[in-house]
Each structure stands twice: as C-alpha cells, then as structure tokens.
Amino acid sequence: MTSPTGSDDLLAEWSRRFAEPVTGWSSREFSGVVETVDPPWSYATLARNALTAAPSALDLGTGGGEFLTGLADVLPADTHATEGWAPNLPVARTALAPLGITVEPHDATRERLPFPDDRFDVVLSRHTAYDADDVSRVLRPGGTFLTQQVDGRNLDDLVSEFGAEPVFQDVTLENAHRAAVSADLHVEVAESWSGPVRFADVSTLVSFLRTVPWHLPTDFTVARYAGVLLALHARAQLQFTERRFLLRVRSSSPRTEAGRPVLDRGPAAAGVPGPRTGS
C-alpha cells in the first residue's frame with residue numbers, strides 16, 4: 001500500500017506530468033512505455049501507394065508534420081497541408097518548409113477548406129476531423145481520399161474509470177461510410193479494428209492523457225481525481241482498448257459543362273468531427 005507521503009510524491013509527479021506542454025503529435029515520448037498492437041492495415045503503406053505518381057496531394061490535420069516528412073520520397077511537388085490546432089502550426093511549418101509544403105490553418109468543424117474545387121488528386125486525413133462533402137469538392141475526378149480515424153468509442157474502458165463517457169460516440173465507420181456515399185464518393189475499402197494498449201505506469205498514462213484531454217471529465221485535475229489515479233496505480237497492469245477505422249474512397253462525381261462536380265449536398269454538410277490523437 002502506498003504511504004501518505006508516497007501518495008503525495010506520486011500526485012506531485014502526476015501533476016507535473018499533466019502540466020507539461022504539448023506540441024506536435026509525435027509518439028516518440030511514449031516509446032518503450034506504451035505498448036500497442038497495430039491494426040491489420042498499414043496506413044503509411046496505403047498512403048504511400050496512393051501518393052506514388054500522384055500530381056498533387058493534401059494532408060488534412062498534419063499535426064506537427066511528422067507523418068508527411070516520413071513520406072518525403074513519394075510526395076508530389078504540389079503538396080499542401082492543413083492544421084487546426086494553433087500550437088501545431090509553427091511546428092508543422094518548420095518541419096514541412098524544407099519540403100516546399102505550405103500549411104494552412106483550418107478547422108473542419110467550422111469552415112470549408114481554403115482550396116478551389118477539383119484541386120487535388122489525393123487527400124489524406126489521419127486522426128483528424130474532416131467534412132466529406134468538402135473533401136469531395138476539392139478532389140479531382142478519380143481522385144483518392146484515404147483516412148484513418150480514431151473511433152469515437154476509443155478508450156471507452158479508460159474513460160469510464162473517471163466516471164465519464166466518450167465525447168465523440170458518433171464517430172464510427174458506419175457514419176463515415178454513410179457520409180462518403182452521401183458526398184458521391186465511391187467506397188473502395190472500409191475496415192474497423194480494436195486492440196489493447198498498455199501503459200507502463202500511471203505517470204505514463206497521465207502524460208498520455210494530457211495529449212488527448214477530451215477523454216477526461218471537463219473538471220479533471222490530478223488532485224480532484226487522486227483517488228481514481230491511486231487506484232489505477234495499485235493495479236498490476238494498465239490495459240485498455242484502442243479503436244480505429246479505415247476508409248478509402250474515390251471521387252466519381254459526374255461533371256457539368258463547366259467542369260464542376262454535380263452534388264446534391266442537401267441542407268447541411270455531412271462531416272466527421274472527431275477526436276484527435278497522435279497514436
């Protein structure tokens with residue numbers, strides 16, 4: 001059993017961890033202390049295949065630019081990126097400027113993409129919100145949209161430890177598939193997956209949670225939830241459930257004489273707002 005003095009030391013350490021700043025979406029800080037199982041697909045390989053020989057590309061929610069820099073050898077000269085979290089913008093711009101990639105600020109839940117219709121041959125979205133109608137708009141005829149998303153029920157067993165429920169429960173493969181079809185996108189691949197994630201200790205868990213605060217109650221502080229954290233500390237193993245889904249679609253919109261897509265967009269855009277994590 002942890003002594004009162006030991007508990008105070010742990011809580012102080014966890015408070016320090018939770019207060020550390022977050023920049024970019026790199027998972028390097030969790031190397032060796034967070035154990036995960038990969039989905040049966042490789043998003044990086046699928047993205048690489050889509051980008052090969054593509055004249056143009058757009059990466060939505062590029063984070064700190066970590067993912068795109070890993071694809072530098074196959075990126076077309078005409079590549080652009082967006083990022084919706086202000087602290088990440090300077091990080092991404094610094095990382096991607098040497099590749100000639102501009103990064104535009106963009107929040108998919110509030111605004112349209114700052115690009116003209118029929119602009120890109122490939123659009124990528126890894127773990128960030130997107131609007132299916134807007135993606136369809138900027139895709140060229142025959143263009144590919146590839147997305148891997150964090151299912152809105154991700155880590156639901158961890159969230160329940162704090163007496164909360166997942167915030168983005170509507171972010172599912174079924175809803176993403178429906179939105180794609182509604183946007184006149186042809187679905188080629190649709191897969192979902194769940195698997196275990198293990199944390200070395202509560203210090204690691206707290207460091208992770210600071211990067212995904214939507215998994216926590218809005219009133220979360222280490223002090224307020226000390227009892228929950230100390231109970232987790234007493235466990236032999238910290239294992240929870242990750243959930244992901246993959247969607248690959250192709251633009252097949254018919255064209256008018258003016259060359260614009262013919263879409264019945266309805267009274268509202270079909271979007272996939274959702275959680276964001278770098279894992």
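To be clear, the structure that these remarks concern was listed above.
As the structure is a computational prediction, the values presented were derived from the model and not from experiment.

Conventions we followed
- In this numbering scheme, every chain counts its residues from 1 along its sequence in written order.
- Where local features are concerned, this predicted model is filtered to residues with pLDDT of at least 70; where side-chain atom pairs are given and counted, the filter is 80 or more; whole-chain, interface and lining totals use all residues.
- Excluding hydrogens and water, the side-chain values take into account all heavy atoms of the structure.
- Being paired, for any two strands, means DSSP has found at least two bridges between them.
- Only DSSP runs of H or I with at least four residues qualify as helices, and only runs of E with at least two residues qualify as strands; both kinds are numbered from the N terminus onward.
- A fitted line through C-alpha atoms serves as each axis, taken over the contacting stretch for helices, and the angle formed by two N-to-C directions is quoted from 0 to 180°.
- It only takes one pair of heavy atoms within 4.5 Å for two residues to be counted as in contact.
- Our angle categories are set so that under 35 degrees counts as roughly parallel, over 145 as roughly antiparallel, 65 to 115 as roughly perpendicular, and the remainder as oblique.
- Here the nonpolar group is Ala, Val, Leu, Ile, Met, Phe, Trp, Tyr, Cys and Pro; Asp, Glu, Lys and Arg are the charged ones; every other residue, Gly included, is treated as polar.
- Working definition of a nonpolar core: buried Ala, Val, Leu, Ile, Met, Phe, Trp, Tyr and Cys residues. They are joined through side-chain atoms within 4.5 Å.
- Whether a residue is buried, partly exposed or exposed follows from its accessible area with a 1.4 Å probe, protein chains only, as a fraction of its type maximum: under 20%, in between, or over 50%, in that order.
- Planes of paired rings set the category: under 30 degrees apart is stacked, over 60 is edge-to-face and the rest tilted, where pairs are Phe, Tyr or Trp rings (Trp by its six-membered ring) whose centres lie within 6.5 Å.
- We count a salt bridge whenever a side-chain nitrogen from Lys or Arg sits within 4 Å of a carboxyl oxygen from Asp or Glu.
- Identification of polar contacts relies on pairs of N or O atoms within 3.5 Å, with a donor-acceptor requirement for protein atoms, meaning one able to donate a hydrogen and the other able to accept it, and with residues adjacent in sequence counted only if both atoms are side-chain atoms.
- The directions considered for the arc are those from the helix axis to the C-beta atoms.

**Here we look at the sheet that holds strand 7 (residues 139-150)**
Strand pairing in a sheet is mediated by backbone hydrogen bonds. Such pairs are either parallel or antiparallel.
Consideration 1: Pairing within the open sheet is mixed, and its 8 strands lie in the order 1-8-9-7-5-2-3-4. Where the open sheet ends on each side, the last strands, each with one partner, are strand 1 (34-36) and strand 4 (102-105). Strand-to-strand twist across the sheet, computed as the mean angle between neighbouring axes with direction ignored, equals 20 degrees.
Consideration 2: Sheet topology places strand 7 next to strand 9 (residues 238-251); 7 bridges connect them, and they run antiparallel. Within strand 9, the position partnered with Val150 by the bridge is Arg244.
Consideration 3: Lying on the sheet, helix 4 (residues 88-96) is in contact with strand 3 (78-83) and strand 4; it crosses strand 4 at an angle near 165 degrees.

**Section: unusual backbone geometry**
Consideration 1: Positive phi, close to 75 degrees, is recorded for Ala53, a residue that is not glycine.
Consideration 2: Relative to the assigned elements, Ala53 resides in the loop between helix 2 (43-51) and strand 2 (56-60).

**Observations regarding the packing of helix 8 (residues 202-211) against helix 9 (residues 226-233)**
Consideration 1: The contact between helix 8 and helix 9 brings their axes to 9 Å, and the two run at 130 degrees. The orientation of helix 8 with respect to helix 9, classified from their angle, is oblique. Contacts from Val202, Leu205 and Val206 of helix 8 reach helix 9 at Leu229, Leu232 and His233.
Consideration 2: Here the contact of helix 8 with helix 9 is composed, by residue class, of 5 nonpolar, 1 polar and no charged.

**Quick notes on the nonpolar core**
Consideration 1: Counting residues in hydrophobic clusters, the biggest one holds 24 residues, and the most contacted among them are Phe162, Phe199, Leu209, Leu229 and Phe240.
Consideration 2: For this core, the element with the highest residue contribution is helix 8, accounting for 5 residues.
Consideration 3: Ignoring any residue separated from it by four or fewer positions in sequence, one finds Phe162 in contact with Leu209, Leu216, Pro217, Phe220, Tyr225, Val228, Leu229 and Leu232.

**Thoughts on the pairing of strand 2**
Consideration 1: When you tally the buried positions in strand 2, you get 5 out of 5 residues, the bulk of the element.
Consideration 2: The pairing of strand 2 with strand 3 spans 4 bridges and is parallel. Bridging across to strand 3, Leu58 finds its partner in His80.
Consideration 3: Taken together, the 4 bridges between strand 2 and strand 5 (residues 120-126) define a ladder with parallel strand orientation. What sits directly across from Leu60, in strand 5, is Ser125.

**Focus: the packing of aromatic side chains**
Given two aromatic rings, their pairing is described by the distance between the two centres and the angle made by the two planes.
Consideration 1: Within the structure shown, the criterion is met by 10 aromatic pairs.
Consideration 2: An angle of 40 degrees between the planes, with centres 5.3 Å apart, marks the rings of Tyr43 and Phe67 as tilted. Pair noted here: Tyr43 is in helix 2 and Phe67 is in helix 3 (residues 66-69), with a separation of 24 residues, a long-range link. The exposure classification of Tyr43 matches that of Phe67, with both residues buried.
Consideration 3: Where Phe115 meets Phe120, the ring centres are 5.1 Å apart and the plane angle is 85 degrees; that geometry is what we call edge-to-face. Phe120 matches Phe115 in its accessibility class, with the two residues each being buried.
Consideration 4: Three or more aromatic residues joined by ring pairs make a cluster, and in this case those are Phe18, Phe162, Phe220 and Tyr225.

**Here we look at the pattern of salt bridges**
Consideration 1: Evaluated as defined, the whole model comprises 16 salt bridges.
Consideration 2: The shortest N-O distance in the salt bridge between Glu188 and Arg248 comes to 3.1 Å. Of this pair, Glu188 sits in strand 8 (residues 185-199) while Arg248 sits in strand 9, and the two are 60 residues apart along the sequence.
Consideration 3: For Glu188, a relative accessible area of 33% gives the class partly exposed.
Consideration 4: Taking relative accessible area as the criterion, Arg248 reaches 28% and is therefore assigned partly exposed.
Consideration 5: The residue Arg250 makes a salt bridge to Glu188 at a minimum N-O spacing of 2.9 Å.

**Focus: the side chain of Ser203**
Consideration 1: Mapped onto the fold, Ser203 is located in helix 8.
Consideration 2: Overall, the relative accessible area of 12% leaves Ser203 in the buried class.
Consideration 3: For Ser203, the side chain forms a polar contact with the side chain of Trp14, separated by 3.2 Å.

**A few points about helix 4**
Consideration 1: Those residues of helix 4 that fall on the buried side of the exposure criterion are Asn88, Leu89, Ala92 and Leu96. Buried residues of helix 4, seen end-on, are gathered within an arc of 100 degrees and therefore sit on one face of the element.

**Some thoughts on the pairing of strand 9**
Consideration 1: Where strand 8 and strand 9 come together, 14 bridges link them in antiparallel fashion. Bridging from a neighbouring strand, Phe199 pairs with Leu238 of strand 9.

Note that every value here comes from positions in space, so none of it alone points to a role or purpose.
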